[in-house]
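Structural features, examined
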Amino acid sequence: MEETVRKSTFVIHSLSTDAAVPVAEKKLKTASASNSAPLIYDEEAAERKKARRIGWGRLAVAVLLFIVWEVFTRIGWLDPYYWSSPSAIWQTTWLQLSEGGLLGDIAYTSGSTVLGFVFGTLCGAMLGLSFWWSRSYAGISEPYLIILNAMPKLALAPVLVILLGIGFFSKVALAFSMTIVVSALSAYSGVKSVDPDMEKLMYSLGAKRWQVFTKVVIPWSMPWIISSLRINIALALAGAIVGEFIASSQGVGRMIMYAGTILDINLVWVGVVVLSVLSMAMYWGVVLLEKGLSKGLGVK
Amino acid sequence: MQPKIEINGVSKWFRRNGRDIPAMQETSLKIEAGRFVSIIGPSGCGKSTLFNIIAGLIPPSTGEVLADGENIVGKTGYVGYMLQKDMLLPWRTILENIILGMEIRGIPRKEAVDRALPLMEKYGLKGFDKHYPKELSGGMRQRAALLRTLLYDRDIILLDEPFGALDAQTRLTMQNWLLQIWTDFGKTVLFVTHDIDEAIYLSDDIYVFSSRPGRVKTKITVTMERPRKTEDMTSPDFMELKHLLLDQLSAGHAEEELAL
């Protein structure tokens, strides 16, 4: 660095440029650089490796679990009468699928679950969003919503079955009642989180209330509504199954109940496994739905 | 000549714990068309309250606000308003954000886009129309927010510390950019800021507010000729005016501290 200007209050340094570096020194630099290959950290490769390790790890845990279960029941460490065994469950499932009405039961249970889920979530979201329109209305409703949320809605199952009969719609109603409150509360949290300055801006642009509602409040609350979907699908399934436990002529829940009464433990396990798979399938369905909805909003 | 905006004896009082607290004492301002007017004052002096009243978002306790001789108390949509936060909707692209005001007024999308795109091109947002706000820097977002306000087509624009969240470098660029736009469009601008340099550099008139409860303490007309250049900020005249304003503001602070 050289001084170019010096005054009483400050000094200016000019930085040496590339041309000032001697040629020999330059060559030395490039030579030393080519001797050892630069160490470049490949983030993508590391990421792939990690993902592979997690995938195999998960599979290994599942395989191990089934082997332990099978072996323990065979050598008598677990009583196969209560615990059944993976092979027995597989055989019974196959039998039920090919000869029994398992497919029909699955369709029945998933149908009532999905219907209850869709209507419950939609109605709940609309209810929650409607609280934006009036603070007094929201204030009056809020404690009742909280009571409804705290109330074990499954306890209402017998009443709903008596009211709506033992058919399909009492199950839909149970799934609906399980989901609507959660969805409403989520949407209401979204509404409460809307930035007041954003509303202010809309009004200053001359917007009417319904324009603020459709252009700001609804899209703003969508992430909250979407986040309630995963909880809701599990709740809807629980509602549908309890409905079938109480009284039903069809469904996986009814099959479990029936198997329990005739002490066919294998069949109970089949029901449990089928429900787990069903619940997982629905969960992934919801995850896909979430992705679609988020994309439509241009978020993430 | 009839003033563009006339504020007559506007004040704002709140009632808290049974006591009436003034947020802004009776204020009267007259602003002529096409002027760039800044309001400076300590924080909490009611500058934003005044803006909210002019924008029709909150009613004043007393007084009236006239725009072109018409009373606009409690009426929104007469002035363009821009806040310190850019307030771009995160789920809309920059272009969709800019045409929001026109969309609300029911202008067909195609027409709105045709008006917005040339402006984006001219004022430094070329090629950003399909980007989302989070992909832009703070300065760019403020540009978009200001264009949105401009395209709302009001003669009067309120800017509430629009560059308050920007770094010094960007702020300087944005000030020159704003002056360019103001010259091109000839709007009447009301500008709130904490930054004395900014106020002097941009304004025709500066109103100094006292601390809470706010009232107008001084009006200063800046006669420095336009177009102004960044170098002007270091001229002796500029420094002298800055001294004066600093004194005015620190006097306000001293009063406040004595009161405590």
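Throughout, a residue's number is its position along its own chain's written sequence, starting from 1. Labels are handed out in written order, letters beginning with A for the chains and numbers beginning with 1 for the ligands. Only residues with pLDDT of 70 or above have their local features reported here, since the model is predicted, and side-chain atom pairs are shown and tallied only from 80 upward, although totals for entire chains, interfaces and linings are computed over all residues.

The next point concerns helix 5 (residues 138-150) of chain B. Structurally, the α-helix is built with 3.6 residues per turn, so residues lying three or four positions apart point the same way. Residues and elements named next belong to chain B. The way it works is that DSSP assigns letters per residue, a run of H or I at least four long becomes a helix, a run of E at least two long becomes a strand, and they are numbered from the N terminus. Here a helix's expected span is defined as the number of its residues, less one, multiplied by 1.5 Å. Its 13 residues place the ends of helix 5 18 Å apart at the C-alpha level, agreeing with the 18 Å of an ideal helix rising 1.5 Å per residue. Of all 13 residues in helix 5, eleven are buried; the element is thus mostly enclosed. For the exposure call, what matters is how many other C-beta atoms sit within 10 Å of a residue's own: 20 or more marks it buried, 12 or fewer exposed, and in between partly exposed, using C-beta atoms placed from the backbone. Within the sequence span of helix 5, burial applies to G139, R141, Q142, R143, A144, A145, L146, L147, R148, T149 and L150. Contacts here follow a simple rule: the backbone-placed C-beta atoms of the two residues must lie within 7 Å. Buried residues along helix 5 sit in contact with strand 6 (80-82), helix 2 (94-98), helix 3 (100-104), helix 4 (109-122), strand 7 (156-160) and helix 6 (168-185).

pLDDT is a residue-level measure of predictor confidence that goes from 0 to 100. Summary statistics for chain B give a mean pLDDT of 88 and a share of 96% for residues scoring 70 or more. In the predicted assembly, ipTM is 0.82 and pTM is 0.78.

In this section: the interface of chain B and chain A. Contact residues are listed per partner, giving 17 residues for chain B and 15 residues for chain A. Considering every element that reaches the side of chain B that touches chain A, the biggest residue donor is helix 3 of chain B, with three residues. Amino acid classes used here: Ala, Val, Leu, Ile, Met, Phe, Trp, Tyr, Cys and Pro are nonpolar; Asp, Glu, Lys and Arg are charged; the rest, including Gly, are polar. When grouped by side-chain class, the residues that make up the side of chain B that touches chain A number twelve nonpolar, three polar and two charged.

All names here are of chain B. The pairing criterion for strands is at least two bridges between them, as found by DSSP. Strand order across the open sheet formed by four strands is 2-1-4-5, with antiparallel pairing between neighbours. Unpaired on one side and paired on the other, strand 2 (19-31) and strand 5 (70-71) mark the two borders of the sheet. Here strand 1 (residues 5-16) pairs with strand 2 via nine bridges, running antiparallel. Bridge assignment links R15 to a residue of strand 2, and that residue is D20. Comment: axis = line fitted to C-alpha atoms, over the contacting stretch for helices; angle = value between 0 and 180 degrees taken between N-to-C directions. In the packing of helix 1 (residues 47-54) onto the sheet, contacts are made with strand 1, strand 2 and strand 4 (62-67), and the angle to strand 2 comes to roughly 65°.

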